[in-house]
Amino acid sequence: MEPLLLDVDLAIPIGLIVNELISNSLKYAFPGDRFGEIELRLIEKENQLYLIVSDNGVGMTANPPILGTGFGSELIRLLTIQLDGKMTLQTQKGTAIIFEFQLSKAA
């Protein structure tokens, strides 16, 4: 990743989101002795910050609730709302969750 300077009020919630998503991938995406890859990207583009966490694991079942219904899923949802972000789930060839956050620049 390219180095990014983020305000602590943005960096900490993003770190919590990443921690939860990587934990979920490790727990659920690669059952048994299956190997796989987890990819993490954080990209700044045109005053937007894009966070992409993906894996090439078994994927989610058809018509899943967005990120499940547990405490971790609720935490991700609340942190995304706190950051006024947008979350998109993709389930082709594993699972990818894409977040879009507006970067506020000081005037």
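One can find the structure itself at the top, above this paragraph.
These lines cover the structure that appears in this document, whether it is placed above or below. (Residues numbered from 1 in each chain as written. Predicted model: local features only at pLDDT ≥ 70, side-chain atom pairs only at ≥ 80, totals over all residues. Heavy atoms only, no water.)

A word on the overall build of the protein
- Secondary structure assignment for the protein yields 2 helices and 4 strands.
- Reading the secondary structure of the protein in the N-to-C direction produces α-β-β-α-β-β.
- The buried share among the 107 residues of the protein stands at 32%.
- Looking at the protein as shown, the accessible area adds up to about 7200 Å², and 54% of this sits on carbon and sulfur atoms. (Helix = DSSP H or I, 4+ residues; strand = E, 2+ residues; numbered from the N terminus. Buried < 20%, exposed > 50% of the residue type's maximum accessible area, 1.4 Å probe, protein only. Areas by Shrake-Rupley, 256 points an atom, 1.4 Å probe, with all protein chains shown as cover.)

Quick notes on the nonpolar core
- Counting 16 residues, the largest nonpolar core has Ile14, Ile17, Leu21, Leu49, Leu51, Phe99 and Phe101 as the members making the most contacts within it.
- Every element with two or more residues in this core is listed here: helix H1 (8–29), strand S2 (48–55), helix H2 (71–82) and strand S4 (95–102).
- Ranked by the residues each element gives to this core, the list is headed by H1, at 5 residues.
- Look past the residues within four positions of Ile17 in its chain and what remains in contact with it is Leu51, Leu79, Thr80, Phe99 and Phe101. (Core = buried A, V, L, I, M, F, W, Y, C linked by side-chain atoms within 4.5 Å. Contact = heavy atoms within 4.5 Å.)

Observations concerning the pattern of salt bridges
- For the structure shown, the criterion picks out 2 salt bridges.
- The salt bridge involving Arg41 is made with Glu39; its shortest N-O contact spans 3.1 Å.
- Of the residues examined, Arg41 reaches a relative accessible area of 33% and is grouped as partly exposed.
- Residues Glu74 and Arg77 are paired through a salt bridge, measuring 2.6 Å at the closest nitrogen-oxygen approach. (Salt bridge = Lys/Arg side-chain N within 4 Å of Asp/Glu carboxyl O.)

Observations concerning unusual backbone geometry
- Backbone geometry places Glu46, a non-glycine residue, at a positive phi of 50°.
- With respect to the secondary-structure elements, Glu46 resides in the loop between strand S1 (38–45) and S2.
- In the Ramachandran plot, Lys93 falls in the positive-phi region, its phi being about 55° despite a non-glycine side chain.
- Examined against the element boundaries, Lys93 turns out to sit in the loop between strand S3 (86–90) and S4.

Remarks on the sheet that holds S3
- Within the open sheet, the 4 strands sit side by side as S1-S2-S4-S3. Their pairing is antiparallel. At either end of the open sheet lies a strand with only one pairing partner, and these are S1 and S3. Averaged over neighbouring strand pairs, the angle between their axes works out to 15° when direction is ignored.
- Pairing of S2 with S4, which is carried by 8 bridges, proceeds in the antiparallel orientation. Looking at S4, one finds that Leu51 is bridged to Phe99.
- Here H1 sits on the sheet and contacts S1, S2 and S4; the angle it forms with S2, its principal contact strand, is near 15°. (Pairing = 2+ DSSP bridges. Axes fitted to C-alpha atoms, helices over the stretch in contact; angles between N-to-C directions.)

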